[in-house]
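Topology and contacts: notes
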Amino acid sequence: MSDQIQLVVEKLNQEPFRKNYNLITFDSLEPVQLLQLLNDVLGEIDPKHNVDIREELPEQTAKRMLSLLGILKYKPPGSVSDFAFRQGLVTGSKPVIHPLLHWLLQRTNELKKRAYLARFLVKLEVPAEFLQDDTVADINKQYEELMEAFKNLHKECEQLKTSGLSTAEIRRDISAMEEEKGQLVKRVERLKKRVETVQNHQRMLEIARQLRLEKEREDSLAQQKQEQKNQLFHAEQRLQRAQLQLKEMHHAVVDSKPESLMKKLEEEINFNSYLVNEKIPTELESKKNSMYFLQKVVAEPAMNQSDLNVLEIKINEVNAQMNQLTEKRMMKHEPIDSKFSMYRQQASIIARKKAAKAEELQAAKEEMASAERQMLQKTSEAHELEGSEVPKGDEFKHYVNKLRSKSTFYKKKQLEIAEITAEYGILQRTEELLKQRYEAIQQQLQAIEDKKGISGYSYTQEELERVSAVKSEMDEMKGQTLDNMSEMVRKLNTMVAEKKASLAPVIKELRQLRQKCQELTQECDEKKIQYNSCAAGLESSRSALEQVRWWLVGA
């Protein structure tokens, strides 16, 4: 407990509370101060609770705190009962407030999120009779759709928060998108220039635009079709409910006379009159009395053990006085009072029986209404699954017969499974007995071997048999491997022969080309020699002519 208080004080001294408490000052807080502190913590979790508890009644404060704690799913410690927790929450009891503060301050962020979501995700329950109205049903449907949309948006928001995207990454993405946009603009410009050279390009663009509009219209029509399907489904559900009510009314009217209908209506009117005039006022008065006494208990200060002892003594004294007065009255033996007491007793017994029967009738009506709602729900589910109405009349009889045949087949298979299970158990037991016999025979065999001086002979024999079996398996595997290898070699030889046969014409042509290449090379060499000799002769003639020209110039 001290660790909890230490943690509570540390949390309260931090942001956003900044209370500057220590263990002594925190422990010396008055009940009203403790309740205000608890209210401040709840106000940090849910801003709607930022109020001054002195400006509201204790009952309102307790009700408001209990509603929020119910949303936050707080469970009191096992040693504290529900009544004691509620009373401690009203009076500001430390054994109740301290664990509650410890639980709240430990998980403040999580509870903030839960309180925020509870504002939008706590569903309002609408009675089924109100949903029969089309307007209420449509509004309820819109409410559920908005709730689902909020769930999806909240999930996306949480995913974005936990995705770890930073501003730098977002800027890089934006710059990359801008670059991509510039590239797309340039590409569009190029495509426009290319399209302008095409004949009738304006007409083609107009046709493409019309195609896009038609596709958008097709999508909108598909969406409208889906919405109309949903509306049709809800209309069919309402029609089923109306048909069921009509059928019930027909059943109530068939084979009935006006006298019986009037009698039934009178009984219903009498029952409702009893509820309105006797039962409900009595229950309301008892609830008011209980609330009055509870308010008195809440308004009184906290009681200790001595106060409880004093109250018990007073209760015992009052009970003793009541017993004495009753005995004195019975000793008078007044006949008129005895008759009246008998009549009063009979009247009270009849009233109790009447109240019990009324409660039974009310419970039966509620059960019947619940069964009708379940039947409607199951009918709609069957309609969604199978796309057809619930079978009636002969179809239902046929369906029941089909179910009976399936049930018979199922029971037959169950008997077969039971027989197989029993046989399996017998086989298991047989296996165990055979194992036991095998072990006993092995022990006897071991004893005989020890006696004859050949201990381990059977084990060696089994090992030899096992080794021979393994050797035979290995030989078989080797034979299979050799067969596979020989098959592979045969395939390779076949492939080589096929390749040789396919390459033979090519090799023959290549030989001819090689011979022709040698001849051309030899001819080229000869031509090259002739060219070199001719070039040498021409060079010698050119040099002689150069000498003659220089000699003439010098002369």
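What you are looking at is a predicted structure, and each value in this text was computed from that prediction instead of being measured.

About the criteria used
Residues numbered from 1 in each chain as written. Predicted model: local features only at pLDDT ≥ 70, side-chain atom pairs only at ≥ 80, totals over all residues. Heavy atoms only, no water. Helix = DSSP H or I, 4+ residues; strand = E, 2+ residues; numbered from the N terminus. Rg over C-alpha atoms; globule rule 2.2 N^0.38 Å. Buried < 20%, exposed > 50% of the residue type's maximum accessible area, 1.4 Å probe, protein only. Contact = heavy atoms within 4.5 Å. Areas by Shrake-Rupley, 256 points an atom, 1.4 Å probe, with all protein chains shown as cover. Lys, Arg positive; Asp, Glu negative; His and termini not counted. Charge placed at Lys NZ, Arg CZ, Asp CG, Glu CD. UniProt positions renumbered as here; feature names shortened; annotations may be inferred. Axes fitted to C-alpha atoms, helices over the stretch in contact; angles between N-to-C directions. Parallel < 35°, antiparallel > 145°, perpendicular 65-115°, else oblique. Left-handed = near helix turned anticlockwise from the far one by under 90°. Nonpolar A, V, L, I, M, F, W, Y, C, P; charged D, E, K, R; others polar.

**Notes on the overall build of the protein**
- Per the secondary structure count, the protein includes 16 helices and zero strands.
- On C-alpha atoms alone, the protein measures out to a radius of gyration of 51 Å, which is more than a quarter above the 24 Å that the 2.2 N^0.38 rule sets for 555 residues.
- Judged by the C-alpha coordinates and their principal axes, the protein covers about 185 × 110 × 80 Å.
- The buried share of the protein, taken over its 555 residues, is 12%.
- Across the protein, the fraction of contacts at a sequence separation of at least 24, relative to all contacts at a separation of at least 6, is 59%.
- As displayed, the protein offers around 46300 Å² of accessible surface, 58% of which is attributable to carbon and sulfur atoms.
- Of the charged side chains in the protein, 88 are positive and 89 negative; the average position of the first set lies 3 Å away from that of the second.

**Overview of the UniProt feature "domain: IFT81 calponin homology" (unreviewed entry) in the protein**
- Sites flagged by UniProt as "domain: IFT81 calponin homology" (unreviewed entry) map to residues 3-125.
- Overall, residues 3-125 shows 67% helix and 0% strand. The separation of its end C-alpha atoms is 42 Å.

**Regarding the packing of helix H3 (residues 31-45) against helix H4 (residues 58-71)**
- As a packed pair, H3 and H4 sit with axes 12 Å apart at the nearest point and diverge in direction by 45°. As the angle between them shows, H3 and H4 are arranged oblique. Taken as a pair, H3 and H4 cross one another with a handedness that is left-handed. Contact residues: Leu-35, Leu-38, Asn-39 and Leu-42 in H3; Arg-64, Met-65, Leu-68 and Leu-69 in H4.
- Of the residues belonging to the contact of H3 with H4, the class tally is six nonpolar, one polar and one charged.

**Some points on the UniProt feature "coiled-coil region" (unreviewed entry) in the protein**
- Taking the UniProt record as the reference, the feature "coiled-coil region" (unreviewed entry) is found at residues 136-245, 354-388 and 503-530.
- Secondary structure within residues 503-530 divides into 100% helix and 0% strand; the distance between the first and last C-alpha atoms comes to 41 Å.

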